[in-house]
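Summary of structural features
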Amino acid sequence: MEAKEHWFLPGFLVLAMVIAQGTTSSFSSPQCYKKTEKATTYTCEWTKSGSMQNATYELFYKRSNSTENKKSLGKNQQSYIFVNDDKVLEKVPVDLWVVADMGNWSCQSLSTSVRLNESVKYEAPQNMSMSRSSSNLTLSWVNKEEVKNHMPEDVVLKVKFRRLEKTSGNTTETEVKQAMVTLEILQNQHMYQLQVRQKSKHVKRPLWSDWTPILDVPTEIQNATEVKWTVEDFNNGTRLLNLTWGTPPYPVSVGQVNYNLSLHIWPCQLKRKNHTNITTTEFSVYVTYSAVSGYIFAFNKVGKSSQTHILVPAKHLTYPRKSWPDDKLIPRNYNPRLKNSCLEWYKLTDGETQPAKVNILKMINGTVEETLKSVRQKMDDYVRYFYLVHKQTDGKPQTTEMRLMYKKEGAASKAPEDFTVKVVTNSAVLHWKPIPVQDQQGFLTHYEVCYTRSQNNGAHIEIKKCHNISASKTEYLIQNLTPESDYNIYLAGATAAGSGRNISIHILTKPQHKSITGWMIAGRIVLIAILITICLFIIKRHKSKIFPPIPRPMVAESKNYRASTQDMYEIKEEVHELQLHDKSSQDPNPEEATLLEVCEDENEKSLGDSSTPDGVSNPLTSDFKGQLLSLETADPSQGEIDCEVTMLMYRNGLVFDMKADSTEDVGTPL
């Protein structure tokens with residue numbers, strides 16, 4: 001039993017070593033190839049697992065189907081070994097394998113049998129560039145410098161691609177005769193991702209190269225870049241030019257969009273300054289007062305946009321102005337001895353626009369006087385020129401002087417255009433368009449307006465009157481004209497050389513308008529009077545309906561009535577006729593007579609006691625007092641006798657019936 005156990009342990013260890021040595025899953029078999037058909041060095045490589053990163057690898061070979069001993073081709077800790085062709089037989093099949101040594105144990109890969117001269121593996125395509133147009137995508141690449149001269153241009157190419165929003169794609173394989181291929185199956189509106197690899201077509205056992213990294217394929221740039229510019233003037237001869245443009249949309253900007261900007265900002269040099277690979281959407285630079293020109297275009301991985309031309313005009317200048325009538329030196333600030341200084345001058349094509357080509361003057365030979373004289377000789381008479389003097393100060397371009405100038409001025413060759421007149425009774429408003437600069441033939445100082453009154457036959461009635469108007473004005477008001485009169489008006493532009501051609505127009509002022517204000521006022525008054533009359537007639541006709549009568553009830557007069565009339569003056573009374581009528585048809589009996597007398601005495605007494613206003617006697621005269629008649633007596637069966645007095649009063653044409661008791665002074669008037 002013990003002998004069996006003693007045998008089992010060594011046997012288990014030997015089996016474990018055999019299994020360990022026979023393990024081939026830790027790394028792959030070696031693969032040997034040349035990078036080009038003409039290469040003399042082979043690369044043998046294999047893949048290894050992460051658990052064997054620190055192992056030492058040794059490559060062995062021997063002829064296939066032979067009993068010769070194995071030979072080593074080298075060892076290291078990398079996953080590849082370079083082998084020169086003088087150590088192996090290129091045309092003989094050989095077996096290759098790799099042994100990994102971990103110190104206390106080792107393992108061996110499976111062997112592979114190959115002919116070394118039949119295997120070629122190219123490098124993956126390098127520096128891939130793309131160009132996209134419509135549904136076509138053209139790929140081009142450049143191989144590494146050390147191999148591109150040793151490999152043929154015709155290869156087999158495999159491309160796999162897919163739309164960016166999809167997970168699956170297509171694969172195409174084609175033979176190319178140069179490092180370029182065109183795919184014609186793409187949709188222009190979509191973005192793609194692709195990979196490329198290549199292999200030789202001139203060996204028996206070519207190997208595919210590695211895949212290139214994933215390439216994003218954006219859409220092509222359809223529209224030109226829209227540029228906006230602003231200029232900040234520091235009023236010292238230097239301006240800050242700011243350029244901005246918009247960001248392209250997402251399908252275009254996949255994989256970065258760059259910009260190429262070219263500007264001519266320094267007039268003393270004719271060459272433009274290029275600014276390539278601008279990644280932002282803005283750009284700022286210092287410039288002079290001269291015009292700035294250039295262009296910009298955007299580009300991405302598949303192409304570029306069309307160019308957008310940039311033109312920033314020179315600083316607008318109306319003053320100062322100069323003439324150069326002789327050989328007097330201008331400009332004054334031109335100093336060609338400065339290293340970075342120049343004189344820029346040119347003819348304004350239409351009097352205002354800078355031409356495409358300007359004259360740049362630098363001192364090379366001769367003196368300043370001779371140079372400027374030669375410039376003046378090249379100028380034309382009656383033509384406007386523009387000159388600027390530039391230099392650099394602290395690295396910034398600066399304009400030290402700028403002028404509009406004529407070599408010689410003349411009178412304007414044309415009259416103002418579109419001359420019109422708006423005529424009223426005693427004035428006229430003139431309108432016109434300025435004389436074009438190229439026809440001014442000098443600096444326009446003012447406009448001259450002249451007019452004269454004339455007869456139907458054209459003979460002048462009044463002397464000619466003229467007015468000077470500012471050259472910046474295009475309208476003028478003539479006042480104090482005679483109504484219903486003929487006038488001839490003349491308009492011309494004037495320079496330092498005098499007035500130029502004029503334009504005339506004949507007008508007839510309108511007649512004086514007669515005043516109709518008085519008639520209008522009279523008509524309104526008559527209309528108002530008619531309306532009032534109609535209203536009064538209607539009111540009178542329907543008075544009872546519009547204003548119904550208001551009843552007036554009898555109101556007993558208070559005892560203070562006489563007192564309220566004390567301040568009244570005496571009123572003269574005239575009694576024409578008075579009749580007294582007794583209520584009974586019979587003569588009073590003695591008792592009634594007595595009662596009447598008593599009542600008469602009491603009434604007389606009460607009337608005589610009543611107060612009167614100052615200086616005014618009692619309105620009842622002695623003759624009238626006796627005309628009081630009591631016609632009623634109280635019921636004789638009652639204990640008291642009431643005396644009722646009837647008193648008639650005639651005053652100022654009115655009759656008053658006054659009634660009073662024996663105890664009251666005066667009755668209530670009716």
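Quick summary incoming for the structure in this document. Since the structure is predicted, the reported quantities are computational estimates derived from the model, not experimental observations.

Under the defined criterion, the tally for this structure stands at 2 cavities of 30 Å³ or more. Here the second largest cavity is characterised by a volume of approximately 40 Å³. Lining the second largest cavity are Trp 324, Ile 330, Pro 331, Leu 343, Trp 345, Leu 372, Val 375, Met 379, Tyr 387 and Met 405. Broken down by secondary-structure element, the contributors of at least two residues to the lining of the second largest cavity are strand 27 (341–347) and helix 4 (368–377).

Moving on, we come to the sheet that holds strand 11 (residues 136–140). Taken in spatial order, the 3 strands line up as 10-11-14 in an open sheet, and their pairing is antiparallel. The sheet is open, and its two borders are formed by strand 10 (129–133) and strand 14 (180–183), each paired with just one other strand. Here the average twist between neighbouring strands, direction ignored, is 15°. As paired elements, strand 11 and strand 14 share 4 bridges and run antiparallel to each other. Bridge pairing in strand 14 links Thr 138 to Thr 182.

Should their charged atoms come close, side chains of opposite charge can pair. Applying the stated rule across the entire model yields 10 salt bridges. Between Lys 315 and Asp 233 there is a salt bridge, and its shortest N-O distance comes to 3.0 Å. Pair noted here: Lys 315 is in the loop between strand 25 (308–312) and strand 26 (321–323) and Asp 233 is in strand 18 (residues 227–233), with a separation of 82 residues, a long-range link. For Lys 315, a relative accessible area of 29% corresponds to the partly exposed category.

As a further point, take the packing of aromatic side chains. Scanning the model with the defined rule gives 12 aromatic pairs in all. Here Phe 297 and Phe 299 contribute two aromatic rings whose centre-to-centre distance is 6.2 Å and whose plane-to-plane angle is 50°, an arrangement assigned as tilted. Considering the side-chain rings of Tyr 406 and Phe 443, the 4.8 Å spacing of their centres and the 80° angle between planes classify their relative orientation as edge-to-face. With Tyr 406 in strand 30 (residues 396–406) and Phe 443 in the loop between helix 5 (437–440) and strand 33 (446–454), the pair connects residues that are 37 residues apart, well separated along the chain. Comparing Tyr 406 with Phe 443, the two get one shared label, buried. The ring of Trp 211 has Lys 160 lying over it, and the distance from NZ or CZ to the ring centre is 4.4 Å. Sitting over the face of the ring of Phe 297, Lys 304 holds its NZ or CZ atom 4.9 Å from the ring centroid.

Together, Val 526, Ile 530, Ile 534, Phe 537 and Ile 538 give the surface a local cluster of nonpolar side chains, amounting to about 470 Å² of exposed area. Examined against the element boundaries, Ile 538 turns out to sit in helix 6 (residues 517–541).

Bringing the sheet that holds strand 33 into the picture now. On the basis of which strands lie adjacent, the open sheet formed by 4 strands has the order 34-33-36-37 and antiparallel pairing. The open sheet is flanked by strand 34 (465–470) and strand 37 (498–508), the only strands paired with a single partner. Sheet twist, expressed as the mean angle between neighbouring strand axes with direction ignored, is 20°.

With that settled, consider the state of the cysteines. What the rule picks out here adds up to 3 disulfides. Each sulfur in the disulfide pair Cys 32 and Cys 44 lies 1.9 Å from the other. Looking down the S-S bond of the Cys 32 and Cys 44 bridge, the torsion is 115°, so its handedness is right-handed. Here Cys 32, found in strand 1 (residues 31–33), pairs with Cys 44, found in strand 2 (residues 41–45); they are 12 residues apart in sequence, far enough to count as distant.

A positive phi angle, near 55°, is found at Asn 65, a position not held by glycine. When you line up the elements, Asn 65 lands in the loop between strand 3 (56–63) and strand 4 (71–76). Look at Asn 65 and you get exposed, because its relative accessible area is 83%.

Our next topic: the nonpolar core. In terms of nonpolar packing, the biggest core is built from 22 residues, with Leu 137, Leu 139, Val 159, Phe 161, Leu 194 and Val 217 touching the most fellow members. If near-sequence neighbours (up to four positions away) are discounted, Val 159 is found in contact with Leu 139, Asn 170, Thr 171, Thr 172, Leu 183, Leu 194, Gln 195 and Val 196. Counting residues in hydrophobic clusters, the runner-up holds 20 residues, among them Phe 27, Tyr 42, Trp 46 and Tyr 61.

Our next topic: the environment of Asp 418. Along the polypeptide, Asp 418 turns up in strand 31 (residues 417–423). Taking the C-alpha atoms as reference points, Asp 418 and Lys 433, separated by 15 residues in sequence, lie 5.9 Å from one another. Aside from chain neighbours lying at most four places away, what touches Asp 418 is His 431, Trp 432 and Lys 433. Of note is the side chain of Asp 418, whose polar atom sits 3.2 Å from the side chain of Lys 433.

On to the pairing of strand 23 (residues 292–300). With 7 bridges joining them, strand 20 (residues 258–264) and strand 23 adopt antiparallel strand pairing. Its bridge partner lying in strand 23, Tyr 259 is registered against Ala 298. The pairing of strand 23 with strand 25 spans 5 bridges and is antiparallel. In the sheet register, Ser 293 faces strand 25, and the bridge partner there is Leu 311. With 2 bridges connecting them, strand 23 and strand 24 (residues 303–304) associate as antiparallel partners. Looking at strand 24, one finds that Phe 299 is bridged to Lys 304. Adjacent in sequence and paired antiparallel, strand 23 and strand 24 are bridged by 2 residues.

Here is what the cut-offs are and how they apply
- Residues numbered from 1 in each chain as written.
- Predicted model: local features only at pLDDT ≥ 70, side-chain atom pairs only at ≥ 80, totals over all residues.
- Heavy atoms only, no water.
- 1 Å grid on protein atoms, 1.4 Å probe; cavity = no way out; pocket = protein on both sides within 12 Å on 5 of 7 lines; lining within 4 Å.
- Points joined across faces, edges and corners; volume = space filled by probe spheres on them.
- Helix = DSSP H or I, 4+ residues; strand = E, 2+ residues; numbered from the N terminus.
- Pairing = 2+ DSSP bridges.
- Axes fitted to C-alpha atoms, helices over the stretch in contact; angles between N-to-C directions.
- Salt bridge = Lys/Arg side-chain N within 4 Å of Asp/Glu carboxyl O.
- Buried < 20%, exposed > 50% of the residue type's maximum accessible area, 1.4 Å probe, protein only.
- Phe/Tyr/Trp six-rings, centres within 6.5 Å; stacked < 30°, edge-to-face > 60°.
- Lys NZ or Arg CZ within 6 Å of the ring centre and 35° of its normal.
- Patch = residues over 30% accessible without salt bridge, like charges linked within 9 Å, V, L, I, M, F, W, Y side chains within 5 Å.
- Areas by Shrake-Rupley, 256 points an atom, 1.4 Å probe, with all protein chains shown as cover.
- Disulfide = S-S within 2.5 Å.
- Core = buried A, V, L, I, M, F, W, Y, C linked by side-chain atoms within 4.5 Å.
- Contact = heavy atoms within 4.5 Å.
- Polar contact = N/O pair within 3.5 Å; in protein donor to acceptor, adjacent residues only side chain to side chain.

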